[in-house]
Amino acid sequence: MSLDPIAQPSVPWAQARSTPSKRIDPIDRNAANRLFGQQGYGLRECFLTLIDDGFAAPLQWLNSAPPPEPARLVINTWVAEQTRQRITSPIPRGGVRDDPRLVLVNARYLTFPWDSAFPVASPAPLPFHPAPRPPGTEPTLVDPSSRG
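This is a predicted model, so every value here is computed, not measured.

Attention shifts here to the side chain of N33. Checked against the element boundaries, N33 lands in strand β1 (residues 28-38). N33 gets classed as buried once you look at its relative accessible area, which sits at 17%. Once residues within four sequence positions are removed from consideration, N33 is found in contact with F55, A56, A57, P58, W78, V105, N106 and R108.

See below:
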């Protein structure tokens, strides 16, 4: 099987990326992985090596003793920096207890171009069912041409 039919749609993007005056990167993504730990909490070196080398989630020591709010702000600020301000508050106020030893953070974002633009009228409020919360509506991108 030839990969040419799969690769062909990528050619214009590759050409645009290689032209300095039109340099674009249509795909923007990042994974923010980190383990935040309470300063002074004993962790084995083999564990620290595993999370750093095996999971790309290095440890950052924090003073997470009560009150925990400063630790939450440090974590949220780090995530915002890693995701280019696309994810700014993954841990809400009160989301860190008074006695955390470790907080594992994994935040990912992905932005990429659509094959075709959505109509100006979208997004439209459509039903959304976020269990266990009650159903409501959420702005949703809709392409009327894709409905059969």
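By secondary structure assignment, the location of L59 is in strand β2 (residues 59-62). For L59, a relative accessible area of 21% translates into the label partly exposed. With 22 residues separating them in the primary sequence, L59 and G37 have C-alpha atoms 6.7 Å apart. Leave out the neighbours within four places in its chain, and L59 touches L35, F36, G37, L43, L48 and I51.

A few words now on the pattern of salt bridges. Counting across every chain of the model gives two salt bridges. Across the pair R72 and E69 runs a salt bridge, and its minimum N-O distance is 2.6 Å. Within this pair, R72 and its partner E69 are both found in helix α4 (residues 69-82), separated by three residues, close to a single helical turn. Owing to a relative accessible area of 7%, R72 belongs among the buried residues under this scheme. When salt bridges that share partners are traced, they join E69, R72 and R93 into one network.

This next bit is on the sheet that holds strand β3 (residues 102-111). Here we have three strands laid out as an open sheet, ordered β2-β1-β3, and mixed in their pairing. Sheet topology places β2 and β3 at the edges, where each strand pairs with a single neighbour. Across the sheet, the axes of successive neighbouring strands diverge by a mean angle of 25 degrees, strand direction being ignored. Against the sheet, α4 engages β1, β2 and β3, with an angle of about 160 degrees to β1.

This part takes up unusual backbone geometry. Working note: non-glycine residues mostly have negative phi, and peptide bonds are mostly trans. With a phi angle near 50 degrees, R84 is a residue other than glycine that sits in the positive phi range. For Q85, which is not a glycine, the phi torsion comes out positive at approximately 65 degrees. For Q85, the location among the structural elements is in the loop between α4 and β3.

What follows concerns the nonpolar core. Within soluble globular proteins, side chains that are nonpolar generally end up buried alongside one another. A32, F36, L62, A71, I75, W78, V79, I91, V96, V103, V105 and A107 form the largest nonpolar core, which has 12 residues in total. Only β1, α4 and β3 provide two or more residues apiece to this core. The element contributing the most residues to this core is α4, with four residues.

The rules behind these values
- Residues numbered from 1 in each chain as written.
- Predicted model: local features only at pLDDT ≥ 70, side-chain atom pairs only at ≥ 80, totals over all residues.
- Heavy atoms only, no water.
- Helix = DSSP H or I, 4+ residues; strand = E, 2+ residues; numbered from the N terminus.
- Buried < 20%, exposed > 50% of the residue type's maximum accessible area, 1.4 Å probe, protein only.
- Contact = heavy atoms within 4.5 Å.
- Salt bridge = Lys/Arg side-chain N within 4 Å of Asp/Glu carboxyl O.
- Pairing = 2+ DSSP bridges.
- Axes fitted to C-alpha atoms, helices over the stretch in contact; angles between N-to-C directions.
- Core = buried A, V, L, I, M, F, W, Y, C linked by side-chain atoms within 4.5 Å.

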